[in-house]
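Chain and residue survey
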Amino acid sequence: MEKVFEDAKPILEKLLEHGHEAYFVGGAVRDSLLGRPIHDIDIATSAKPQEVQKLFKSVIPVGIEHGTVIVVLNGVAYEVTTFRRESEYKDFRRPKQVAFISNLHEDLKRRDFTINAMALDYNGKLIDPFNGQKDIENKLIRTVGSPYERFQEDPLRMLRAIRFLSQLNFSLEKETYSTIKKMNAHITHLSVERIAQEFEKLMLGQANNNALQHLVQLGLYLYLPCLKEYRKVIEQLSVLNLSILSNASEAWALLLYYMETEPRKILKAWKCSNELMRHVEMLLTELKKDRDKQFDPFQFYQLGRSLSLSYVRLYTIIFGGNLKEHVNAFKKTYEELPIKERKELAVNGKDFLAIIDKKPGPWLAGLLSEIEKAVINKKVQNDKNKLREWGKNWYNQFGKSF
Ligand code: ATP
Ligand code: MG
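In this text the structure is predicted, and so the values were computed from the model without any measurement. (Residues numbered from 1 in each chain as written. Chains lettered and ligands numbered in written order. Predicted model: local features only at pLDDT ≥ 70, side-chain atom pairs only at ≥ 80, totals over all residues.)

1. Overview of the overall build of the protein
This is how it is decided: Under the DSSP-based scheme used, a helix requires at least four consecutive residues in state H or I and a strand at least two consecutive residues in state E, with every element numbered from the N terminus. Throughout, the radius of gyration refers to the C-alpha atoms, and the reference size of a globule is 2.2 Å times the residue count to the power 0.38. Buried residues are those with 20 or more other C-beta atoms within 10 Å of their own C-beta, exposed residues have 12 or fewer, and partly exposed residues lie in between; C-beta atoms are placed from the backbone.
For the protein, the helix and strand inventory stands at 19 helices and nine strands. On C-alpha atoms alone, the protein measures out to a radius of gyration of 27 Å, which is more than a quarter above the 21 Å that the 2.2 N^0.38 rule sets for 402 residues. With respect to the principal axes defined by its C-alpha atoms, the protein has extents near 80 × 50 × 40 Å. Looking at the protein as a whole, 35% of its 402 residues are labelled buried.

2. Some words on the pairing of strand β1 (residues 22-25)
Every other side chain in a regular strand lies on the same face of the sheet, so the side chains alternate between the two faces. What counts here: Two strands make a pair as long as DSSP finds a minimum of two bridges between them.
What you see with β1 is no split at all: Ala22 and Phe24 on one side and Tyr23 and Val25 on the other are buried throughout. The sheet contact formed by β1 and strand β2 (residues 42-45) spans four bridges and is antiparallel. Across the sheet, Phe24 pairs through a bridge with Ile43, a residue of β2. As judged from the two bridges shared by β1 and strand β6 (residues 119-120), these two strands associate in the antiparallel manner. Paired with Val25 across the bridge in β6 is Ala119.

3. Remarks on the site of ligand 1
Just so we agree on the cut-off: A residue counts as near a molecule or strand when its C-beta atom, positioned from the backbone, falls within 6 Å of it. Note on residue classes: Ala, Val, Leu, Ile, Met, Phe, Trp, Tyr, Cys and Pro are nonpolar, Asp, Glu, Lys and Arg are charged, and everything else, Gly too, is polar. For the domain bounds, the source is a domain assignment made automatically or taken from a database.
Taken together, Gly26, Gly27, His39, Asp42, Arg111, Asp112, Asn116, Ala117, Asp154, Leu156 and Arg157 form the complete shell of residues around ligand 1. Residue classes in the shell around ligand 1 are distributed as two nonpolar, four polar and five charged. Here the shell around ligand 1 spans two domains, and each of domain 1 (1-133) and domain 2 (139-239) adds at least three residues to it.

4. Some remarks on the UniProt feature "binding site: CTP" (unreviewed entry) in the protein
What counts is decided by this rule: UniProt positions are given in the numbering used here, feature names are shortened, and annotations may be inferred rather than shown by experiment. We call two residues in contact if the C-beta atoms placed from their backbones are at most 7 Å apart.
Under the UniProt annotation, "binding site: CTP" (unreviewed entry) lies at Gly27, Arg30, Arg111, Asp154, Arg157, Arg160 and Arg163. Tracing the backbone shows Arg111 in the loop between α4 (104-109) and β6. Residue classification places Arg111 among the buried positions, given that 22 C-beta atoms sit within 10 Å. Those residues in contact with Arg111 that lie beyond four places of it in its chain are Asn116, Ala117 and Val144. Structurally, Asp154 can be placed in the loop between α6 (147-153) and α7 (156-168).

5. A look at the packing of helix α18 (residues 362-376) against helix α19 (residues 384-397)
In plain terms, the rule: The axes are straight lines fitted to the C-alpha atoms, using for helices just the contacting stretch, and the angles between their N-to-C directions are given from 0 to 180°. Each angle gets one of four labels, with under 35 degrees taken as roughly parallel, over 145 as roughly antiparallel, 65 to 115 as roughly perpendicular, and the rest as oblique. Note on convention: the crossing is left-handed when the near helix lies turned anticlockwise from the far helix by less than a right angle, right-handed when the turn is clockwise.
In contact at an axis separation of 10 Å, α18 and α19 are set at 125 degrees when each is read in the N-to-C sense. Our classification of the angle between α18 and α19 gives oblique. Two packed elements cross with a definite hand, and for α18 against α19 that hand is right-handed. Along the contact surface, α18 presents Leu367, Glu370, Ile371 and Ala374, while α19 presents Leu387, Trp390, Gly391, Trp394 and Tyr395.

6. As for the environment of Gly320
Positionally, Gly320 belongs in the loop between α15 (297-319) and α16 (323-335). When the 10 C-beta atoms within 10 Å are taken as the criterion, Gly320 is described as exposed. Separated by 80 residues in sequence, Gly320 and Leu240 place their C-alpha atoms 9.5 Å apart.

Structure, rendered in structure tokens:
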């Protein structure tokens, strides 16, 4: 068994010692069979949440009503979830209470896809009642049981199918595919937050081009917030070099660049965070500048290192060229910046209030921003005396009109 599982074995051990069943389940089992890096390890057990809580010292009761308790062991968090049955979804809403059961097989049966419905016992034996391993070998995403019923229970699974297709570079099993095509409209019942989470993962998967093509082929895009009118844009995106994309801000900026619409309106409809919105807007502003203003030191200064790299990646996807060369050009320019942040300027507002006889006002902000630009463009050295001199001259020429 891999080290990450070995590290988590004391949790299984304790549950077993107390007469409960306990297994590793879900994504970790799948990823281990695929030889992919494993991130979180989930554990399923016959023990009730309260019993789990009693057995371990460090627990966080994150979702007791859904049967989930986080157990922290050596600084690592493990989700321990009580076996449960597929809950009844009333009006597409998840129920408040779930039915706990004592049987692993039933728990695996409620899971979305065969590749996600396998368990590993304490000795490393695979429990695979729905032939997930075979589907892994054939690179297939197939629902556990009837796709119609499973998508009816939870339409998010249709998007999760495309998300896994994207992340794993798998195909959809035939019936899973044709059922999504028939039931696509059901995703309108889902909350935006759940949709957004899967959509962002889908945009960043290794087979993201293929995933976008599936959103079109299966008609799912029609029911994603605000994307109904943008079939052409999604198709256009699906043939770009999307392997370069590395985070959600980049994915959104790219999509919005081609949508040519009010970014804020779309991002709000998708309930994106304010931070993401700010990043996307900054990236779009730069991408829309004239070509001779691209790769300009002041631009990198304003964006900062991490957003500049996002910008460079997007620039490469949209305008072409070689990513490595662009990144190197950025790094050289960025390293040569005389200052990386405003606080590194050798002067501040107070310095000018001491030498210019005028009350603080918009002129001061104007002056500081001009000084910043002059330093970045190497028109003046970042030296207190030189900047004071430069500032005074600027004020005499332009400052009075403020
Ligand atoms: P990731 O590596 O992205 O976390 P994952 O397979 O762990 O992938 P999660 O969304 O974390 O995916 O879900 C954990 C497990 O719970 C899945 O492997 C699956 O067995 C089950 N699951 C999650 N969401 C659903 C759902 N909507 N319907 C049925 N089963 C689900
Ligand atoms: Mg997971």
